[in-house]
Each structure stands twice: as structure tokens, then as C-alpha cells.
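# Observations on chain architecture
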Amino acid sequence: MSSPLSLSWSRPAWLASPKVFRTEVLAGLVVALALIPEAISFSIIADVDPSVGLFASFTMAVVMSFVGGRAAMITAATGAMALVVAPLSREHGLGHLIAAVILGGLIQVVLGALGVAKLMRFVPRSVMVGFVNALAILIFMAQVPEMRDVPWAVYPLIVGGLTLMVFFPKITKAVPAPLVSIVILTVITVGAGIAVPTVGDKGQLPSSLPVPGLPDVPFTMDTLTLIAPYAFAFALVGLMESLMTAKLVDDITDTHSGKTRESIGQGIANIVTGFFGGMGGCAMIGQTMINVKTAGARTRLSTFLAGTFLIILVVVFGPVVSDIPMAALVAVMILVAVGTFDWHSIQPKTLKRMPVGETIVMGTTVVFVVATHNLAIGVVVGCVTAMVIFAKRVAHLANVSGVVDPDGKQVVYAVTGELFFASSNDLVYQFDYKNDPDDVVIDLSDAHIWDASSVAALDAIETKYAERGKKVTIIGLNKSSADIHEKLAGQLTGSH
């Protein structure tokens, strides 16, 4: 049986087709250009030098192109991860941040090996839709600061960039429209000497490659105790964001990805990134959408080249890249935001047909993601909301109906439905303890016992009848229900 990280070689699609190769190369270049200002911005959020974010994006993308579980997904430094480790960096310095990234990577490897990716099956569709819509809103909101207090020329440049990207594909799709837009707007601003904010204004680009090394921290228990909570949060946020993004790409490309391999691979990439002085990262929804939806990439080559082009662009062509107007990249990200949002989900006819609970879950997910700027919090709150609504709905499906024998010596209660903590709470009150005959039969042929709460409820029913000198017989238990009832019956109170 192959391991989650088995790398059995088969001839890749990009090697067999020149067209696919060209698509992957150009997609990687577009993504690399879009990654540069974002990586610098996330470095600022984490209160570290721009090179820390850029090196992280380089190593994460390159390593994940080999060990990741989802082809064509872009993994790099992200805002969510920067927010998690920012307090550690500000209060204790870069060394502790790097140590937390390495420990977070180790935790991700362990969680991945333990099968944490399987929990994705419990994420409802309404949470997924809310996740996607919230991401689109966050991508757009991240562009708003780039449109405030800027020279008037920025606005026509953004409009021009959007126009180019909408209409250029009608001429040809051989070259990604975002790349054409970035090149043309850069040529215009540089050639005409138009003074607008550029990539170079975000921060100094590094002039050399990263070198491996150990984090500059004391290797003591105190250090471990300090960084462990940040590392654990880092690991959870990164895995959740990446697995949700992988699921989204699966849906877009109609292909399956290895979620366990993705989880373990991300841990490996973060460990490598930490040793190269990077701030760690996870899947990037915006850049992934550029790569998969806008540029049409489908293979690991685009992910590898995104990281490779990124380091070449900043180290070798730094002065040229610094001249790219931010307006060009803002236009790209606005188009990505519009394309990412699930507009069908908010159409009146869709909302009218959708169960109210589903809409509430979607809306709750969006609100919490946007309010906290933390995708993990929004998804967890959305899932909890969905579970509460589901439990409330299912709780009403447990019914009790009693039939007394003609001779009045026995009553048979038929219980139907799912018995768990929400439905079993009311079970105790649906029996006529005072007036029932001495022989009581509870038929569970059409019911299922799920938890200890249900067994406790049945115990309470037997106790109430016993106090009145009446005998209870439970029949019709299926094997699973019988097993849990036999194991727990009479064992759930201190009196036994």
C-alpha cells in the first residue's frame, strides 16, 4: 500500500503537450507577479522584513509542488498565518517566529498522519459556499487600501486593467490576460512617467537567495512553552485554510486531491521554510484562483514555477519588478474576487428555495470570516451553527406512541427516530408512569441509540416505573444500539 507521500513517477501532462507547458509557464509567471506585493504586505502584518515573506512564498511553493496533495494549488505566505504569529514576532523577535513556524510544521505532519483531513467530510455545503463568498469579500477588501488616498491616475489604470482582462481573452487565450494587463500598464506608467504607487513602494526587495540556518532562540523548555500555543494555532489555521481551498479547487477542476498528503506536505514545507528563515504559509485562495480559473493551470509545474519565478524576479529583476504599478495588481485581484464569489447563492430565487437553516449557516460563516479576517474561525463557527440547526431539526423526529392491550395488563410503546442528546431529553416525559399497567414494553425496532444521553434517558424511564412497582422490557434493539445499551445501562449514575 503506497504512503500518502508516495511520488510514483508518470509522464506529466505539461511534458507531453507544448500547449499545456505554455499555459503552466505563463500561469506561474502571473502568479509570481501577484505574489510579490502580497508577500511583502504579509511581512508588514507580521512585523518582519519583506524578505521573510518573500522567501516563505518561494520555499512553500517550490516544496509543495513536490509534496503537496493538490496539483495547481498555490501555497505561500498568507495574511491568516501572519496574523497568528504577529504577536510573537513583535514581542519576542524573528527567531521565536521562525521556531514557531518549524514547530507548527511538525504539528501539521503529525495531524496529517493522524488523518485530520478526514474531518473535511463534516464540512456542510452551506459552510463551503459561505467560505468561498467570504474569501471573495476579503480579497476585494484587501484592495481597498490601495485605492484610498492615491493619485487620480490610479483609477483609470485600474479600469483599464479590468477592461483589458475582460476583453483580451476574446482575441486570444494563448497568453493570460492578467499578464498582458500587467505588462501594458507597467509600460504606460513607466513610459509616460506617471507617478503612481508601485510594487517597490511596498518594501525593499532582497538581492540574494535565502540560506538555511537554525532559529536564533535558546533551545529551552521556556522557549517551547512560549511558542507552542502559537505553533498549534498556526498548524490548525494553515491546515483548515488549505484543505478548504483544496476542496474548492477539486470542485472547479472536477478532480480529486490527496487531502492527507496535502496536510503532511504542508507540514514539511513549513519546516523547510522555517529553516530558510521564512514566515511559513498555507494555500492562497486568491493566487490559486488566478492560477486555476484565470490562467487555466492544472499541473504542479505552475506551482513550482510560481515560486521559482518569484525568487528570480525579486533577486535578478528587482528594479524592473519594483516599477510595476500596484493598480495593475489591484485590477487582477478585483477580477479574481468577482470570479470567486458564488453569485448564484445570493440570487432571490435561490434564497427562496434554500432551507432557512442553510442560508443562516452560509451567512454566519461569511460574517465571522469577514469580521475576524480568520478563515478558520469562520469555518468552525459555521460548522457549529450547522450542527446546532441539524440537531434541532433531527430532535423532533423521535416520536413515542403507546398502545394498551385490550385486557389492560400490558402497554407497548413504539419509539421511532434517532435517539441522541437532543431528542432523548424529552423522551422521559412521553410516558404515563402513573396510569400505565404493571407490564411496560418499549419497542425500539424503528429507533437507533447514538449516545450515552439516550441510555441515561431509558434508565430514568425504567427507574420511574420501578418506583411504582412496574416492570419495563426493552425490545427491538438493533446490534449497534444493543451494544451501547448493554455497555452503559445502569452505569451512568453514582448510585450503581
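In what follows, the structure referred to is the one given above.
On a predicted model such as this, the values are computed, not experimentally measured, just so you know. Along each chain, numbering runs from 1 in the same order as the chain's sequence is written. Owing to the predicted nature of the model, reporting of local features is limited to residues with pLDDT of at least 70; listing and counting of side-chain atom pairs is limited to 80 or more, with chain, interface and lining totals taken over all residues. As a rule here, side-chain values come from all non-hydrogen atoms in the structure, and water together with hydrogens is ignored.

## Brief notes about the nonpolar core
Within this scheme, the nonpolar core is defined by two criteria: the residues are buried Ala, Val, Leu, Ile, Met, Phe, Trp, Tyr or Cys, and they are joined through side-chain atoms within 4.5 Å. Per-residue accessibility, obtained with a 1.4 Å probe over protein chains only, is compared with the maximum for each type, and a residue is labelled buried under 20%, exposed over 50%, and partly exposed between these values. Grouped together as the largest cluster of nonpolar side chains are 100 residues, with contacts concentrated most on Ile36, Leu54, Leu97, Phe131, Ile158, Met279 and Ile290. Beyond its immediate sequence surroundings of up to four residues, isoleucine 36 is in contact with Leu54, Val199, Leu205, Leu310, Leu313, Val314 and Val321. Counting 22 residues, the second-largest nonpolar core is a separate cluster that includes Tyr413, Leu458, Tyr465 and Val472. Working rule for contacts: check all heavy atoms of both residues, and any pair within 4.5 Å makes them a contact.

## Observations regarding the pattern of salt bridges
Any Lys or Arg side-chain nitrogen found within 4 Å of a carboxyl oxygen on Asp or Glu counts as a salt bridge. If you walk through the whole model with that rule in mind, you get four salt bridges. A salt bridge links aspartate 250 to lysine 259; the shortest N-O distance between them is 2.5 Å. There is no split in this pair, since aspartate 250 and lysine 259 are both buried. One salt bridge in this structure joins lysine 479 and aspartate 483, with 3.1 Å as the shortest N-O distance. Of this pair, lysine 479 and aspartate 483 both sit in helix H20 (residues 479-488), four residues apart, which is roughly one turn of the helix. By relative accessible area, which is 65% here, lysine 479 ends up exposed. Sharing partners across several salt bridges, the network here consists of Arg70, Asp250 and Lys259. A run of H or I in DSSP counts as a helix once it spans at least four residues, and a run of E counts as a strand once it spans at least two, with each numbered from the N terminus.

## So, the pairing of strand E4 (residues 410-419)
Pairing of strand E3 (residues 399-404) with E4, which is carried by six bridges, proceeds in the antiparallel orientation. What sits directly across from glycine 402, in E4, is tyrosine 413. Between any two strands, at least two bridges found by DSSP are needed for them to pair. Counting the residues in the hairpin turn of E3 and E4 gives five residues, including glycine 408, whose phi is positive at 75 degrees.

## Some words on the packing of helix H5 (residues 94-113) against helix H9 (residues 221-253)
The geometry of a pair of packed helices is captured by two quantities: the angle between their axes and the separation between those axes. Only the stretch in contact is used when a helix axis is fitted, and all axes are lines through C-alpha atoms; the angle between N-to-C directions ranges over 0 to 180 degrees. Relative orientation of the contacting elements H5 and H9 amounts to 55 degrees, with a least axis distance of 7 Å. Comparing the axis directions of H5 and H9 gives the class oblique. H9 is crossed by H5, and the crossing has right-handed handedness. Within the contact between the two elements, H5 uses His96, Ala99, Ala100, Val101, Leu103, Gly104, Ile107, Gln108 and Leu111 and H9 uses Thr223, Leu224, Leu226, Ile227, Ala228, Ala231, Phe232, Phe234, Ala235, Leu236, Gly238 and Leu239. Under the scheme applied here, ten amino acids are nonpolar (Ala, Val, Leu, Ile, Met, Phe, Trp, Tyr, Cys and Pro), four are charged (Asp, Glu, Lys and Arg), and all others, including Gly, are polar. Looking at the contact of H5 with H9 residue by residue, the class counts come to 16 nonpolar, five polar and no charged. Angle categories are assigned with fixed cut-offs, so that under 35 degrees is roughly parallel, over 145 is roughly antiparallel, 65 to 115 is roughly perpendicular, and the rest are oblique. Left-handed describes a crossing in which the near helix is turned anticlockwise from the far one by less than a right angle; the clockwise case is right-handed.

## Details of helix H11 (residues 285-294)
For H11, a buried count of eight out of ten residues is recorded, marking the element as mostly surrounded by other parts of the structure. Taken residue by residue, H11 has Ile285, Gly286, Gln287, Thr288, Met289, Ile290, Asn291 and Val292 as its buried positions. Of the residues one or two after H11, glycine 296 is the one with positive phi, at around 80 degrees.

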